[in-house]
Structure formats: C-alpha cells, structure tokens
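Structural overview
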Amino acid sequence: MLFILKKTVGGLLMPLPFILLMMAIALVLLWMTRWQKTGKVFFSLSWLLLLLLSLQPVADNLLRPVESGYPTYQPQAHPPVKYVVVLGGGYTYNPDWAPSSNLISNSLPRVAEGIRIYRANPGSKIVFTGAQAMTNPVSSAAVAGKVAESLGVPESDIILLDKPRDTHQEAQQVKILADDQPFVLVTSANHLPRALVFFRQAGLSPIPAPANQLAIDSPLNPWERALPQALFLSHSERAWYETLGSIWQWMTLPSSETKPVS
C-alpha cells in the first residue's frame, strides 16, 4: 500500500500533472466562482511554468547537475569485476515486437551500457533487476534478459533478480548475490546518485556507471533552443523526479546514510 501511495503521490507531483491540476483549479475559479483574479493568476502561472519547463536551456540546466556527477565507465580505469548490475526501468511486453522495443525510455540505454561493460570484463555475469508490473506477464528483469540474449549475451551469463520493486529492494537483493564481490552498477545518469546511496547503505561499494545521459551539451539550432518541446519537458520531469526522490530518501533514511560519498 505504501509503495502504491508513494508512486501515486509522486506521479501527481510531476510537472505535467501538477501544471494540469493548476489549470483545472484556474478554470474552476474562472467559470464557477467570483474569484476571477485568482483564476487568472493560477492560469497565467501554470502557462508560464509549462512554457519554461519545455524550453531546452531551462530543462537541461535543471537536469545537468543531477546527472553529471560520475564519468562514463572506462574498463582500463578499474580492476576486473565479477558482476555487472543493470537496474530495471520502464518496460512493456509484446512477444511479437523486436525484443528491444519492449524496453521503454531509460531502460534500453541502461541495457546497452551494461552489455558494453560486461564484454569489457571477460568471465563476468550481467545481472538485471526489476519485478513484474501488475499489468505485464513477465518481469522487467526478464525482458531486459531477453534483449541481452538477442544481442549475443549467453543465457548462462545472465542473472535475473525479478523480485525488487524499487531501488532500495534492488540493493538488498544485490547484497545477497554479490556481497563483497566487485561489481559495476549501471543505471541512468540522473538516477545514479540516489541509487548509490541505497547500495552504500546496504554495505556495498559499487563502481558507478552512468547511462542514458539526457542533458544536451552540443550546440543546437536557435529554433530548437527557443521553441518549447515535449522532449525537453521530459528532461525537466526527470530532474524533478530525482529531486523528489532524494527528498524522500533524506526523510526516510538516517542522515549519515544520505550524505554524498566521494
């Protein structure tokens, strides 16, 4: 119940649902009450917020500090590892689709980076995490495993941890599997700082490996920077999602466990 409540409240606090809620309040005030000025203020603020969060300079400047804390994994900079752990993300399952099409948004880049690191560490195992969603017949971990197999990873080198429903549970399951064995932790760059807190809380010392960096550093055409786009609204959403997650983490974990580890 707490898990569902957390996801529901967190979802309502995301930029688009929150802005639509503000607009709904504004429309109620404008059409059904005498508080016309308040309704106009609510609508103007929600419109301005939607505009700003959909612009590349705003969205990527919000996201960049969240996802730029750790460099891309380079095998020559680290000792060999026994496990490459890839955290689960968005997915669906349709057996008629190309396997990789079942990994949504952040998941496919995580799996691709995990396979790259697995191949750079001969003899290692690649571990996929993630439970079965209520509306899917298979787990997130299993779908990622099918994608890895389709890309040439032997089934014998794939380990599925298909019980964890969130990052905290993923860390506990990896603790049981890896314990003091060296491993690389692969997840989205914006999720990595928060994930590391959970894994370090579990007494683990993973090698961080960011994937799926989103904030754009290369020059863009002027109109791409000036026009609002759904893509950049999604970047703002990721920044806000991880900010909310870090606040929740700070509230629910002892303070010593949420301090950044250099």
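The structure we're discussing is the one just above.
Residues numbered from 1 in each chain as written. Predicted model: local features only at pLDDT ≥ 70, side-chain atom pairs only at ≥ 80, totals over all residues. Heavy atoms only, no water.

1. Some remarks on the pattern of salt bridges
- Per the stated rule, a full pass over the model turns up six salt bridges.
- With its nearest N and O atoms 3.4 Å apart, the salt bridge here joins K175 to D179.
- Under the relative-accessibility criterion, K175 is labelled partly exposed at 28%.
- On the basis of relative accessible area, D179 is assigned to the partly exposed category, the value being 42%.
- Notably, a salt bridge pairs R238 with E242, separated by 3.2 Å at the nearest N-O pair. Remark: E242 and R238 occur in helix α10 (residues 230–252); sequence separation between them is four residues, near one turn of the helix.
- For E242, a relative accessible area of 3% corresponds to the buried category. (Salt bridge = Lys/Arg side-chain N within 4 Å of Asp/Glu carboxyl O. Buried < 20%, exposed > 50% of the residue type's maximum accessible area, 1.4 Å probe, protein only. Helix = DSSP H or I, 4+ residues; strand = E, 2+ residues; numbered from the N terminus.)

2. A closer look at unusual backbone geometry
- With a phi close to 55°, S105 is a non-glycine residue in the positive phi region.
- With respect to the helices and strands, the residue S105 is situated in the loop between β1 (83–86) and α5 (107–119).
- Not every positive phi belongs to a glycine, and N212 is a case in point at roughly 60°.
- Structurally, N212 can be placed in the loop between β5 (207–211) and α9 (222–226).

3. Structural notes on the nonpolar core
- Judged by nonpolar contacts, the single largest core of 26 residues is most densely connected at V84, V111, I126, F128, V184 and V186.
- Elements with a contribution of two residues or more to this core: β1, α5, β2 (125–129), α6 (140–150), β4 (183–188) and β5.
- No other element matches α6, which puts six residues into this core.
- With residues up to four places along the chain from it excluded, the contact list for I126 reads V84, V86, G114, I115, Y118, V153, D157, I158 and I159.
- Of all hydrophobic cores here, the second largest spans 19 residues; its members include L87, V127, F183 and L204. (Core = buried A, V, L, I, M, F, W, Y, C linked by side-chain atoms within 4.5 Å. Contact = heavy atoms within 4.5 Å.)

4. Describing α10
- Over its 23 residues, α10 runs 33 Å from end to end, which matches the ideal 33 Å to within 8%, given 1.5 Å per residue.
- Those residues of α10 that sit buried are F232, L233, H235, S236, A239, E242, L244, G245 and Q249. (Expected span 1.5 Å × (residues − 1).)

5. What about empty space enclosed by the protein?
- The full count for this structure, using the stated rule, is one cavity of 30 Å³ or more.
- If you add up the space inside the largest cavity, you get close to 50 Å³.
- Contributing to the lining of the largest cavity are V86, L87, G88, G89, L103, S107, V111, F128, T129, S140 and A144.
- For the lining of the largest cavity, the secondary structure elements donating two or more residues are α5, β2 and α6.
- Taken together, the residues of the lining of the largest cavity sort by class into six nonpolar, five polar and no charged. (1 Å grid on protein atoms, 1.4 Å probe; cavity = no way out; pocket = protein on both sides within 12 Å on 5 of 7 lines; lining within 4 Å. Points joined across faces, edges and corners; volume = space filled by probe spheres on them. Nonpolar A, V, L, I, M, F, W, Y, C, P; charged D, E, K, R; others polar.)

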